[in-house]
Amino acid sequence: QVQLVESGGGLVQAGGSLRLSCAASASGRSFYINSMGWYRQAPGKQRELVAAITRGGTTNYADSVKGRFTISRDNAKNTVSLQMNSLKPEDTAVYYCNADILGYNYWGQGTQVTVSS
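All of these numbers come straight from a predicted model, not from anything done at the bench.

How each quantity is defined
- Residues numbered from 1 in each chain as written.
- Predicted model: local features only at pLDDT ≥ 70, side-chain atom pairs only at ≥ 80, totals over all residues.
- Heavy atoms only, no water.
- Helix = DSSP H or I, 4+ residues; strand = E, 2+ residues; numbered from the N terminus.
- Buried < 20%, exposed > 50% of the residue type's maximum accessible area, 1.4 Å probe, protein only.
- Lys, Arg positive; Asp, Glu negative; His and termini not counted.
- Salt bridge = Lys/Arg side-chain N within 4 Å of Asp/Glu carboxyl O.
- Polar contact = N/O pair within 3.5 Å; in protein donor to acceptor, adjacent residues only side chain to side chain.
- Pairing = 2+ DSSP bridges.
- Axes fitted to C-alpha atoms, helices over the stretch in contact; angles between N-to-C directions.

Topologically, Asp100 is positioned in strand E9 (residues 93–101). No salt bridge is formed by the buried Asp100; the nearest opposite charge belongs to Arg73, separated by 8.8 Å. A polar contact of 3.3 Å, which involves the side chain of Asp100, links it to the backbone nitrogen of Gly103.

So, on to the sheet that holds strand E1 (residues 2–7). Read across the open sheet, the 4 strands follow the order E1-E3-E8-E7; overall the sheet is antiparallel. In this open sheet, the two strands that pair with only one neighbour each are E1 and strand E7 (69–74). Pairwise comparison of adjacent strand axes, ignoring direction, gives a mean angle of 15 degrees for this sheet. Pairing of E1 with strand E3 (residues 18–26) involves 6 bridges; the strand directions are antiparallel. Among the inter-strand pairings, Val2 is bridged to a residue of E3, identified as Ala26.

Turning our eyes to something else, we now look at the pairing of E9. Burial analysis of E9 places 8 of its 9 residues in the buried class, which makes it a mostly covered element. In this sheet, E9 lies alongside strand E4 (residues 33–41) in antiparallel orientation, the contact comprising 7 bridges. When the sheet's bridge partners are listed, Arg40 is paired in E9 with Tyr95. Two strands pair when backbone bridges link them, and E9 and strand E11 (residues 111–116) are joined in this way by 3 bridges, in the antiparallel orientation. Paired with Ala93 across the strands is Val113, a residue of E11. Taken together, the 4 bridges between E9 and strand E10 (residues 104–107) define a ladder with antiparallel strand orientation. Each residue of the ladder has a partner; that of Asn98, found in E10, is Trp107. In this antiparallel pair of consecutive strands, E9 and E10, the connection spans 2 residues, and Leu102 shows a positive phi of 55 degrees.

The analysis is restricted to geometry; functional conclusions fall outside its scope.
As C-alpha cells, then:
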C-alpha cells in the first residue's frame, strides 16, 4: 500500500513563506512515481491544481501562484516539495499531495495552510 504524507503546513502572515513536503512510501513492494503534484481546496470551493512536476522535471503552475511558488522533487527519495513565498490570504486552503503510480492517482490526507492578513 502506497502512502503519501504531507508536512509543513501552518499559520503564516501575508507575505510570509512556507515549505510543504510530501513523502511517498510503500510496504512490501517497489513503486515508480510518474508525475507528482500539489492541489488545494478551500471551504466551499472545488479542489484545484496548484503545481505539478513530471519525473523529468517539467513543471506546471496555476496562474495564481506563478512567480511565488516553486515545486521540486527528489526521485531517489520519492519526495516532492512546494516552496510558497509571498503568501496571500487567498492561498488559505488544505493542500493535498498527489502522485501518479502505475496509472493510479494516490492522495495524501492534506495539510492546512492558513494565511492571515
